[in-house]
Amino acid sequence: MSDNNLSGTKVNLLGLSQKALSEYFITLGEKPFRAQQVLKWIHAEGVTDFAQMTNLSKSLRAKLAELCVVQAPEVISQHNASDGTRKWLFKVAGGGAIETVYIPEPKRATLCISSQVGCALNCSFCHTAQQGFQKNLTSSEIIGQLWYAVKQLREEGIFKAIDRPITNVVMMGMGEPLLNFDNVVMAMDLMLDDLAYGLSKRRVTLSTSGVVPAIDKLREVIDVALAVSLHAPNDTLRTELVPINKKYPIVELLAACKRYLRDDTRRRITMEYVMLEGVNDQPQHAHELIKILKDVPSKVNLIPFNPFNGTKYQRSSNEAILRFQSILMNAGIVTLTRKTRGDDIDAACGQLAGQVNDKTQRSAKFKQQLAKTISLEVLPS
Ligand code: SAH
């Protein structure tokens, strides 16, 4: 049992996969099938109170209440965008906050989940990067975002055209999921588990900036869809936009993508490509991209850049995006342009930063003002 899933002195069962929960129940001297029953209560029924788990014996219920909790991160706020997109801000252990975005569409509903507080990778066009890295989320904090969203949406009964509140999950919120590997995999196990959320493995997508060794490791332990933040067709430009490219350049990244697909000809890697005006959106970039993707089974997802305060970049014009898209399509590459959703509540790709960031900025400003009159050293950090 990792410290990750300890809440105070009690074990938080929310973040344990079926396997981990069974192992834990064995240490309690219980039969593994009890773990399956508890898993169903927690994830399929949204129950946190052991007393309500009526198919368990009274003594087991009492034992669990003494040793364990089922605890999701606490919601700080909810924002609703005019297009139906919602953003929840959750408080996480040890300070800090994360954001989760719900994106409803006529035939599906996607939840965009965070994996870290802040991010260490410093991509130059991403708002989360400005916050720096603060911490890895526990598996309870990761799956807790889905647990909460499903429970909340069910209570509101607002999903009509689809049979479940969330049909797709994308690990595209704050953080680099492959740098919080074990906790992300444990949470994704629960997403796929029929006793928990039963999502299709093609509808759970992990997005990475390109941590090559972790892509190989992922392939060994779980089968989910992979998206890669490519954003540039050559190393010079990509290193400028996605600095981890210096360590794992494009050839190595694309080779890892091919390995990830094994030889399954029906599968594709999604290449994400943010459209930055005058930076990576010119026809020459599209032609370079065609060349490097020639033998990588992939589709391209163009993301119109979402601006934030203080950024030096601008969103490409619609004409530039259409031109870029048609060059790729003419070369036979399936290319979609991602619709910008929820930008009126700063919930669009790359805009997630958490309230804590704002507070940090406010407190930095406050300190600057104070520093004009007194020495900075006396201020608490
Ligand atoms: N760290 C992971 C997942 C988080 S970002 C990754 O890099 O893939 C999810 C997607 O949003 C990535 O493709 C990211 O590059 C993109 N993104 C980041 N900032 C953006 C912005 N300001 N506008 C549009 N897309 C952005």
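Residues numbered from 1 in each chain as written. Predicted model: local features only at pLDDT ≥ 70, side-chain atom pairs only at ≥ 80, totals over all residues. Heavy atoms only, no water.

A.B. asks: Before we move on, could you go through the overall build of the protein and cite the residues and values that matter?
C.D. replies: Counting secondary structure elements, the protein contains 11 helices and 15 strands. Burial status across the protein gives 54% buried among its 381 residues. Here the contacts in the protein between residues at least 6 apart in sequence split such that 64% fall between residues at least 24 apart. Put simply, the protein shows about 17800 Å² of open surface, and 51% of that area lies on carbon and sulfur atoms. (Helix = DSSP H or I, 4+ residues; strand = E, 2+ residues; numbered from the N terminus. Buried < 20%, exposed > 50% of the residue type's maximum accessible area, 1.4 Å probe, protein only. Contact = heavy atoms within 4.5 Å. Areas by Shrake-Rupley, 256 points an atom, 1.4 Å probe, with all protein chains shown as cover.)

A.B. asks: Please provide a residue-by-residue account of the nonpolar core, values included.
C.D. replies: Ranked by size, the top nonpolar core spans 107 residues in total, and within it Leu 13, Phe 125, Leu 146, Met 188, Met 191, Leu 218 and Met 271 carry the most contacts. Per-element tally for this core: the top contributor is helix α4 (residues 139-156), with eight residues. In this view, Leu 146 contacts Leu 111, Ile 113, Ile 166, Val 169, Met 191 and Tyr 197; residues no more than four positions away in its chain are not counted. Counting residues in each nonpolar core, the second largest holds seven residues, with Ala 81, Val 101, Val 170 and Ile 345 among its members. (Core = buried A, V, L, I, M, F, W, Y, C linked by side-chain atoms within 4.5 Å.)

A.B. asks: I'd love a proper account of the side chain of Ser 209, names of residues and values included.
C.D. replies: With respect to the secondary-structure elements, Ser 209 resides in the loop between β11 (204-208) and α6 (212-221). With residues up to four places along the chain from it excluded, the contact list for Ser 209 reads Leu 121, Glu 176, Ser 229, Arg 238, Val 242 and Ile 244.

A.B. asks: Give me the site of the ligand: which residues, what numbers.
C.D. replies: Phe 125, Ser 207, Ser 229, His 231 and Asn 306 are the nearest of the 21 residues found near the ligand. Glu 176 places a side-chain nitrogen or oxygen 3.2 Å from a nitrogen atom of the ligand. Separating an oxygen atom of the ligand from a backbone N or O atom of Thr 208 is a distance of 3.5 Å. A total of 540 Å² of accessible area belongs to the ligand in isolation, and the protein chains cover 96% of it. Of all the elements in the fold, those that place two or more residues in the shell around the ligand are β11, β13 (269-275) and β14 (298-304). Here the shell around the ligand is composed, by residue class, of 10 nonpolar, nine polar and two charged. (Near = heavy atom within 4 Å. Polar contact = N/O pair within 3.5 Å; in protein donor to acceptor, adjacent residues only side chain to side chain. Nonpolar A, V, L, I, M, F, W, Y, C, P; charged D, E, K, R; others polar.)

A.B. asks: Hey, could you go over the pairing of β14 for me, with residue numbers and the actual values?
C.D. replies: In terms of burial, β14 is a largely internal element, six of the seven residues being buried. As paired elements, β13 and β14 share seven bridges and run parallel to each other. Within β14, the residue paired with Glu 272 across the bridge is Asn 301. Pairing of β14 with strand β15 (residues 335-337), which is carried by three bridges, proceeds in the parallel orientation. Looking at the pairing, Val 300 lines up with Thr 335 of β15. (Pairing = 2+ DSSP bridges.)

A.B. asks: Break down unusual backbone geometry for me, citing the residues and quoting the values.
C.D. replies: Unusually for a residue other than glycine, Asn 122 sits at a positive phi of about 60°. By the element assignment, Asn 122 lies in the loop between β8 (116-118) and β9 (133-136). Residue His 231 is not a glycine yet carries a positive backbone phi of 65°.

A.B. asks: I'd like a rundown of the packing of helix α5 (residues 181-192) against α6, residues and numbers included.
C.D. replies: In the contact formed by α5 and α6, the axes pass within 12 Å of each other and the chain directions differ by 35°. The handedness of the crossing between α5 and α6 comes out as right-handed. On α6, the residues touching Phe 181, Val 185 and Met 188 of α5 are Ala 214, Lys 217, Leu 218 and Val 221. When its residues are assigned to classes, the contact of α5 with α6 shows six nonpolar, no polar and one charged. (Axes fitted to C-alpha atoms, helices over the stretch in contact; angles between N-to-C directions. Left-handed = near helix turned anticlockwise from the far one by under 90°.)

A.B. asks: How would you summarise the pairing of strand β6 (residues 97-104) if you had to cite specific residues and measurements?
C.D. replies: Across the eight residues of β6, seven count as buried, placing the element largely inside the fold. Sheet topology note: the strand β5 (residues 86-91)/β6 ladder contains six bridges and is antiparallel. Looking at the pairing, Phe 90 lines up with Ile 98 of β6. Joining the antiparallel neighbours β5 and β6 is a turn of five residues, in which Gly 94 adopts a positive phi near 80°.

A.B. asks: Now, about the sheet that holds strand β7 (residues 109-112): what can you tell me, with residues and values included?
C.D. replies: Within the open sheet, the 10 strands sit side by side as β4-β5-β6-β7-β10-β11-β12-β13-β14-β15. Their pairing is mixed. One side of each edge strand has no neighbouring strand; the edge strands of this open sheet are β4 (74-80) and β15. Neighbour-to-neighbour, the strand axes of this sheet turn through a mean angle of 20°, independent of strand direction. Both β6 and β7 contribute to a ladder of four bridges, which runs antiparallel. Of the residues in β7, the one forming a bridge with Tyr 102 is Leu 111.

A.B. asks: Let's hear about the packing of aromatic side chains: which residues, and what values?
C.D. replies: This model, assessed by the stated rule, comprises seven aromatic pairs. Residues Tyr 273 and Phe 324 carry aromatic rings whose centres are separated by 5.0 Å and whose planes lie at 35° to one another, so their mutual orientation is tilted. Here the residue Tyr 273 occupies a position in strand β13, and Phe 324 occupies one in helix α10 (residues 318-330), the gap between them amounting to 51 residues. Classification of Phe 324 as buried rests on a relative accessible area of 1%. A ring pair is formed by Phe 305 and Tyr 313, whose centres lie 6.1 Å apart and whose planes are at 80°; its orientation type is edge-to-face. The buried category is assigned to Phe 305, whose relative accessible area is 1%. Taken together, the ring pairs in this structure connect Trp 88, Phe 90, Tyr 102 and Tyr 148 into an aromatic cluster. (Phe/Tyr/Trp six-rings, centres within 6.5 Å; stacked < 30°, edge-to-face > 60°.)

A.B. asks: Break down the pattern of salt bridges for me, citing the residues and quoting the values.
C.D. replies: Summed over all chains, the structure comprises 16 salt bridges. For Arg 259, the salt bridge identified is with Asp 216, shortest N-O distance 2.9 Å. Taken together, the residues Arg 259 in helix α8 (residues 250-260) and Asp 216 in helix α6 connect sequence positions 43 residues apart. Look at the salt bridges and you will find they share partners, linking Lys 201, Arg 202, Asp 223 and Arg 267 into a network. (Salt bridge = Lys/Arg side-chain N within 4 Å of Asp/Glu carboxyl O.)

Geometric values such as these leave the question of function open.
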